[in-house]
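Remarks on the overall topology
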Amino acid sequence: MSKKIFVCEMLQESNSFNPELATMEDFENVGIFEGDEVVQGGAKAGNTLHGALVAIAERGFTAIGGVRMRAKSGGPVDHKVVDWFMEKTVAGLKAAGELDGVVVSLHGATQSDVSDDVCGDILTLVRETVGQDVIVTASCDLHGNITQRMMEAADHLCGYQTYPHLDHYGVGYRAAMLAIDTIEGKPLKTARVEIPMMAPAHGYSTTRGSLNALMEKGHALVKAGKIADFSVFQVQPWLDVEKIGSVVLVTAEDAEYAKAVAAEMAAEEFALREELQGEKLWAIPDVVQAAIDNTVDKPVILVDSADSPNAGACGDSAAVLEYVLPYRDTLRVAFSLNDVDAVAKAYELGVGATADFTMGASLAPELSKPVTVKDAMVRSLHDGEFILGGPAERGQRRSLGRSAVLQAGQIFILVTERGQNNGDLQFYRGFGIEPTLCRLVDVKACSSFRAGYEPVSALICNSVTPGAAGPELQALPFKKVPAPFYPFQEISADQISAPVCHR
């Protein structure tokens, strides 16, 4: 046994309805690391690769670093980026010599302009390079699209068990532990069951309701020693591909038991399909009126999830801004917008200057329309960096590119060159906008915002707004998703796939 495990990462969540390709620049903005950089510092404290590296060290193995690269959620990836990563990975695997295992950090729902299953492509290439005897495991987001091809290449795969996501470190730790347990002789098998369904990300949480109960059932089985691991994947709902579905994975020493538990949990997931679609959605005018009528000294939160950058949308919709402009002198509002031209204009004018700004729909003009804000003052200019307040990835640094705060009456508009982590309270606070002092706060996030905003808000309103991550799935232009597929068509229990251990 060589006691060596190769680790690498390519992580990006793709939204098929975002027309902007994710380029190498998007990955470079987060940071690309190679070799020893990955082992020594490229894995930030608390993230997935950090968890994997800790597990590897604890078990007395040596980690060999490949490439670590990640980008914020967005449109499909330019396949040239995928080719670059795969070429580097093959070279790294060959240079590493004899290996016992490979641990790959993926999102699970990565699409390119060439391939609908980039994660399957990566795992297949890894398997072809290292052969059939090296143990390969992978970690994925809870919203991964866990295809048969992925499972035919990887011995085991595991996903986040929390939504909003809090276990980035934990999923990497689990993936590495599964690899090492298998390397050291445990006869672990992972069973996969697919359900032809998806749900909008605002509609569920692992902290409450029936999905919480299903997750707790899996945790109890692990604690009792009956299974080694489980994952319940709610597939990325803005991924328009032919091979797609929500998936349950169960890992156990007995293959038949793993299959039985996976089938049972999949049946329970199927029974939740209507509940997971979420509560009734608010219209924008109704949310604005609720903010006007609010007598509690806390803000009303308008959940603008359709335009959430963390869900792969462009963050460029000004639809909510249009509705609040008539109340600019009476309603204190926090709003954000991804608009490079508006930022450039603010920088050209300088702090204190006043001008008319036409902004919005700069990246996806087919999904929303521009809005003109008259007599907006440039309140402040920023380099765009802020520190996440968490709890997820607390303390990590994010950059929105050059940014500016515009003020129109009592409306504060944070315009950025790129959007991400809009649901973190520090997203506004880092630029001098205090959300708890507003009456209405536009939050372009699906569910991640709840940990920070629920304690400080009067009312949270999941809303119907335009964008690539729309919560009304039937209204989006899906073309590839198979039928029958819920919620587009009703499905029956006999359409759940049979449980299979692919390796």
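Scroll up to find the structure this text is about.
Let me begin by describing the structure that accompanies this report. For clarity, every value in this text was computed on a predicted model and none was experimentally measured. (Residues numbered from 1 in each chain as written. Predicted model: local features only at pLDDT ≥ 70, side-chain atom pairs only at ≥ 80, totals over all residues. Heavy atoms only, no water.)

This paragraph deals with the environment of L381. Mapped onto the elements of the fold, L381 is located in strand β13 (residues 371–382). A residue is classified by how much of its surface remains accessible, and L381, at 28% relative accessible area, is partly exposed. In sequence terms L381 and V300 are 81 residues apart; their C-alpha atoms lie 27 Å from each other. Excluding its chain neighbours within four sequence positions, the residues that come into contact with L381 are A346, Y347, G350, V351, S403 and A404. (Helix = DSSP H or I, 4+ residues; strand = E, 2+ residues; numbered from the N terminus. Buried < 20%, exposed > 50% of the residue type's maximum accessible area, 1.4 Å probe, protein only. Contact = heavy atoms within 4.5 Å.)

Here the structure, examined in full by the defined rule, presents 23 salt bridges. For E417, the salt bridge is made with R402, and the minimal N-O distance between the two is 3.3 Å. Remark: R402 occurs in the loop between β15 (397–399) and β16 (403–408) and E417 occurs in the loop between β17 (411–416) and α13 (425–429); sequence separation between them is 15 residues. Relative accessible area serves as the criterion here: at 25%, E417 is assigned to the partly exposed category. Linking R450 and E454 is a salt bridge whose minimum nitrogen-to-oxygen distance equals 2.8 Å. The network of salt bridges with common partners includes E9, R68 and R70. (Salt bridge = Lys/Arg side-chain N within 4 Å of Asp/Glu carboxyl O.)

Now for the sheet that holds strand β18 (residues 440–443). Across the sheet, 8 strands lie side by side as β12-β13-β16-β17-β11-β18-β10-β19; this open sheet has mixed pairing. Since the sheet does not close on itself, it has two edges, and those belong to β12 (354–359) and β19 (459–462), each with one partner. Neighbour to neighbour, the strand axes of the sheet diverge by 30° on average, direction disregarded. Sheet topology note: the β16/β17 ladder contains 6 bridges and is antiparallel. By the bridge assignment for β17, A408 is matched with I411. (Pairing = 2+ DSSP bridges. Axes fitted to C-alpha atoms, helices over the stretch in contact; angles between N-to-C directions.)

The residue after Y163, namely P164, is reached through a cis peptide bond having omega 5°. Here P164 is to be found in the loop between β6 (156–159) and α7 (168–183). Of note, the bond from G390 into P391 is cis; its omega dihedral lies within 30 degrees of zero at 15°. Residue placement: P391 occurs in the loop between β14 (385–387) and β15. The phi dihedral of K3 falls on the positive side, at around 60°, and the residue is not glycine. Checked against the element boundaries, K3 lands in the segment before β1 (4–11). Of note in this structure, N421 is not a glycine but carries a positive phi near 55°. As for its position among the elements, N421 is in the loop between β17 and α13.

Turning next to the environment of T182. Residue placement: T182 occurs in helix α7. Residue class for T182 comes out buried when judged on its relative accessible area of 16%. Remark: the alpha-carbon pair of T182 and G101, spanning 81 residues in sequence, is separated by 9.3 Å. With near-sequence residues (within four places) excluded, T182 lies in contact with I135, H156 and L188. A polar contact is formed between the side chain of T182 and the side chain of H156, at a distance of 2.9 Å. (Polar contact = N/O pair within 3.5 Å; in protein donor to acceptor, adjacent residues only side chain to side chain.)

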